[in-house]
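One letter stands for each residue in the lines below.
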Amino acid sequence: MKKYKPNFNKPSSNDDQGVRAKKHLGQHFLTDENIASKIADTLSYEGYEKVLEIGPGMGVLTKYLLEKKSDVHVIEIDTESVEYLESNYLHLRGRIHEKDFLKHDLTEIFQQEQFAIIGNFPYNISTQIVFKVLQMRDQIPEFSGMFQKEVAKRICEKEGNKTYGILSVLTQAFYEAEYLFTVPPSVFNPPPKVDSGVLRLTRKNNFTLPCDEKLFFRVVKTAFNQRRKTIRNSLKILNLPDNLREDAIFGLRPEQLSFQRFIELTQMIEPYAISGK
Ligand SMILES: C[S@@+](CC[C@H](N)C(=O)[O-])C[C@H]1O[C@@H](n2cnc3c(N)ncnc32)[C@H](O)[C@@H]1O
């Protein structure tokens, strides 16, 4: 394959063999084969038959995934990348979905089957990708890939740390989260401004919470929306009885609560709050 150096400012010419990098789609193409192979190695490939890669671009990671599992599907929003894949990865035919990952109903591809998700993700939608995975957790036992380093670290962060937040609590309630390794900007074309980080999420055996899940999400989000306030103050909006609000947990700040303590808090609030409000 001809080595192509995409550049955000350079329009593609007729001679170009690759895809022109588009900033609004978060296109930073990985140029280091060893790292692509190392990312492919982060999934266990056990307990499911299908793998979905988000944003394959020119397929640098895809070819290593195909060595691991035969049933690899890719979802790509960019027509130019899709055309490139269709002509260079003939055996992927029928499994290249030209769609927006955030909007597409994945049960149209996988019905009710289990599948893993992997990718070198577009950083501009990374948080939304994680939220969609959490929504579909019943079907996603494993998830791994590359984010902006700061986001990957935040997802895996434990309570008591400054960067611990909504994404950390919600993800860790359902998945074991591991930060695996850091990737420098120099291995991308064009290079991003910041370091990248690879993480892995492994679904917990018991991924149904022992509390009202809608209320759990609401409590976590409400508490972190005013992260400098105590739980007592940030949850005032729920109009909880005074005797409940005297419990010691209400004197803490959200960043001090592990996901288990957020579950406890939700269980305490449950009799007084209407879920989904
Ligand atoms: C960081 S690039 C990675 C490309 C390739 N996997 C690589 O490592 O070189 C992100 C890819 O995600 C695609 N993408 C961006 N937004 C998307 C979306 N909403 N749904 C599906 N793909 C998307 C981009 O077109 C791009 O190909």
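An unreviewed UniProt entry lists the chain under the name Ribosomal RNA small subunit methyltransferase A, from Christiangramia sabulilitoris. Quoted verbatim from the Catalytic activity (unreviewed entry) heading of the UniProt record, the comment on the chain is "adenosine(1518)/adenosine(1519) in 16S rRNA + 4 S-adenosyl-L-methionine = N(6)-dimethyladenosine(1518)/N(6)-dimethyladenosine(1519) in 16S rRNA + 4 S-adenosyl-L-homocysteine + 4 H(+)". Per its UniProt entry, the chain bears the Sequence similarities (unreviewed entry) comment "Belongs to the class I-like SAM-binding methyltransferase superfamily. rRNA adenine N(6)-methyltransferase family. RsmA subfamily."

Where do I start with the packing of helix α8 (residues 213–225) against helix α11 (residues 259–269) in this structure?
Packed helices, taken two at a time, are described by the angle between their axes plus the distance between the axes. Contact geometry of α8 with α11 gives a least axis separation of 9 Å together with a crossing angle of 110°. The orientation of α8 relative to α11 falls into the category roughly perpendicular. For the pair α8 and α11, the sense of crossing is right-handed. Facing Leu215, Phe216, Val219, Val220, Ala223 and Phe224 of α8, the residues of α11 in contact are Phe259, Phe262, Ile263, Leu265, Thr266 and Ile269. Here the residues of the contact of α8 with α11 are counted per class, giving 11 nonpolar, one polar and no charged.

How should the site of the ligand be read in this particular structure?
Residues in contact with the ligand amount to 22 residues; listed here are only the nearest, Gln27, Gly55, Glu76, Asp100 and Asn120. At a separation of 2.9 Å, an oxygen atom of the ligand approaches a polar side-chain atom of Gln27. At a separation of 2.8 Å, a nitrogen atom of the ligand approaches a polar side-chain atom of Asp100. Here the ligand, which alone exposes 590 Å², has 97% of that area covered by the protein.

Help me out: how do you make sense of the sheet that holds strand β7 (residues 175–183) in this one?
Strands in a sheet are paired, the pairing made by backbone hydrogen bonds, and the direction either parallel or antiparallel. Reading across from one edge, β4-β3-β2-β5-β6-β9-β7 is the order of the seven strands in this open sheet, with mixed pairing throughout. The sheet is open, and its two edges are formed by β4 (96–98) and β7, each paired on a single side. Here the strands of the sheet are splayed against their neighbours by 20° on average, with no regard to which way each runs. Pairing of strand β5 (residues 115–120) with strand β6 (residues 142–148) involves four bridges; the strand directions are parallel. Across the sheet, residue Ile118 finds its bridge partner in β6, namely Ser144. Contacting β3 (71–76) and β4, helix α3 (residues 79–88) crosses the sheet at an angle of about 160° to β4.

What counts, and at which threshold
- Residues numbered from 1 in each chain as written.
- Predicted model: local features only at pLDDT ≥ 70, side-chain atom pairs only at ≥ 80, totals over all residues.
- Heavy atoms only, no water.
- UniProt positions renumbered as here; feature names shortened; annotations may be inferred.
- Axes fitted to C-alpha atoms, helices over the stretch in contact; angles between N-to-C directions.
- Helix = DSSP H or I, 4+ residues; strand = E, 2+ residues; numbered from the N terminus.
- Parallel < 35°, antiparallel > 145°, perpendicular 65-115°, else oblique.
- Left-handed = near helix turned anticlockwise from the far one by under 90°.
- Contact = heavy atoms within 4.5 Å.
- Nonpolar A, V, L, I, M, F, W, Y, C, P; charged D, E, K, R; others polar.
- Near = heavy atom within 4 Å.
- Polar contact = N/O pair within 3.5 Å; in protein donor to acceptor, adjacent residues only side chain to side chain.
- Areas by Shrake-Rupley, 256 points an atom, 1.4 Å probe, with all protein chains shown as cover.
- Pairing = 2+ DSSP bridges.

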